[in-house]
Amino acid sequence: MKKLFIVFLAAFVFAVVNPTKSEAKVMYDGAEIVKGQTGKMTFSKDVKVYKKNDNGQFESMLVKKGNYFRVYNIEKYNGQTYYWMSSGYRVQATDLTVFMAIPFEQRVQFYDNPAYMWINRDKPFYSFYIEHDSLGTHAHSYYTYLNLWGDFKIEQGELVNTYDLNFVGGGIERKKIDPTDIQIIEPQPVNKDTLFIVTKDTVQHIKPYLINNNDYYQRIAGQLKAGTVLKSEGFKIGNYYAVNLAEPQPEFYTRTFFIPQSYVIEKATLEN
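Note that this is a predicted model, so its numbers are computed, not measured. (Residues numbered from 1 in each chain as written. Predicted model: local features only at pLDDT ≥ 70, side-chain atom pairs only at ≥ 80, totals over all residues. Heavy atoms only, no water.)

**Observations regarding the packing of aromatic side chains**
Basically, it comes down to this: By convention, a stacked pair of Phe, Tyr or Trp rings (six-membered ring in the case of Trp) has centres within 6.5 Å and planes under 30 degrees apart, an edge-to-face pair has planes over 60 apart, and any other such pair is tilted. Runs of H or I in DSSP of at least four residues are treated as helices and runs of E of at least two as strands, each being numbered from the N terminus. Relative accessible area decides the class of each residue, using a 1.4 Å probe on protein chains only: under 20% of the type maximum gives buried, over 50% gives exposed, and in between gives partly exposed.
Applying the stated criterion across every chain, the model contains 14 aromatic pairs. Geometrically, the ring pair formed by Y145 and F235 is tilted, given 5.5 Å between the ring centres and 40° between the ring planes. One end of the pair, Y145, is in the loop between β12 (139–140) and β13 (151–155); the other, F235, is in strand β21 (residues 229–237), with 90 residues separating them in the sequence. Neither residue differs from the other here; Y145 and F235 are each classed as buried. Relative to F258, the ring of Y145 has its centre 5.7 Å away and its plane inclined at 85°; by these criteria the two rings are edge-to-face.

Take a look at the structure:
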């Protein structure tokens, strides 16, 4: 739960500190929406909602029927859905909650360089469908950085993932995506000329905020020894640098991966 809170906090910080792409108000269903907002929620009757304070104590608030709240993040796991509301309140979806998703087209316009993060822990994201993929090679689990796995477009109001399968004679694969399975984060720019030195043994993180090893690519990722030289891929997500090997090696996965900021130091800093 602590790691999930870190994930949520990182996303919330991005939503607060990054300037919006446009200063003009964005409206939906008669209300202004803001950067980082996933949806809006009301309740069908008066209910109490709760949040956990830093001291471990729970604080409650009585919400009147029909009162509107912004939803900033969604958790889906163990067959349940939980909404993170304004002011840090977290509510489980029940027949008392009335959730309305913000259309993805309106959510994404707040971002200059959006990163799409898969947040549904009950099912993996398939970058494209290959029948009888027993190894789960193309299944990507919770908090995967989806931008690496095909293109995302808005077609007729729907979020669509496309993947070019012409190299195997399959044409262009198109698949509609439930936008509530995706959280949008604004990556922070990092100089692409930056080189990093790994300071302690770790693994290649195929996704930021590595929580489990369910991804096929995570299972085949290499062990990074202290002293390994990495090069920046030009951005970071939260406290994770997007990197690659400065000198590619055949036994390593050599597409963009991530490493915690606390596990590296800039090469120039080390030399100075």
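**What about the sheet that holds β13?**
Worth spelling out the cut-off: Here, a strand pair is defined by DSSP locating no fewer than two bridges between the strands. All axes are obtained by fitting lines to C-alpha atoms, using only the stretch in contact for helices, and the reported angles, taken between N-to-C directions, cover 0 to 180 degrees.
Taking strand neighbours across the sheet as the criterion, the three strands line up as β13-β14-β15 in an open arrangement whose pairing is antiparallel. Looking along the sheet, the strands with just one partner apiece sit at the ends: β13 and β15 (172–176). Pairwise comparison of adjacent strand axes, ignoring direction, gives a mean angle of 35° for this sheet. Note: strand β14 (residues 158–164) against β15, five bridges, orientation antiparallel.

**Observations regarding the side chain of T162**
As a reminder, the rule being used: Any pair of residues with heavy atoms lying within 4.5 Å of one another is described as a contacting pair.
Its place among the elements puts T162 in strand β14. Excluding its chain neighbours within four sequence positions, the residues that come into contact with T162 are G150, D151, K153, I172, E173 and R174.

**Brief notes about unusual backbone geometry**
With phi around 50°, N78 is a residue other than glycine that occupies positive phi space. A positive phi angle, near 65°, is found at Y143, a position not held by glycine. Note on placement: Y143 falls in the loop between β12 and β13.

**A closer look at the environment of S44**
Along the chain, S44 turns up in the loop between β3 (39–43) and β4 (47–52). For the pair formed by S44 and T97, sequence separation is 53 residues and the distance between their alpha carbons is 6.5 Å. Look past the residues within four positions of S44 in its chain and what remains in contact with it is K65, D95, L96 and V98.

**Here's the deal with the pairing of strand β18 (residues 195–198)**
Two elements, β18 and β21, share three bridges in a ladder whose sense is antiparallel. Bridging across to β21, I197 finds its partner in V229. Relative to strand β24 (residues 264–266), β18 runs antiparallel, the two being bridged by three bridges. Bridging across to β24, F196 finds its partner in E266.

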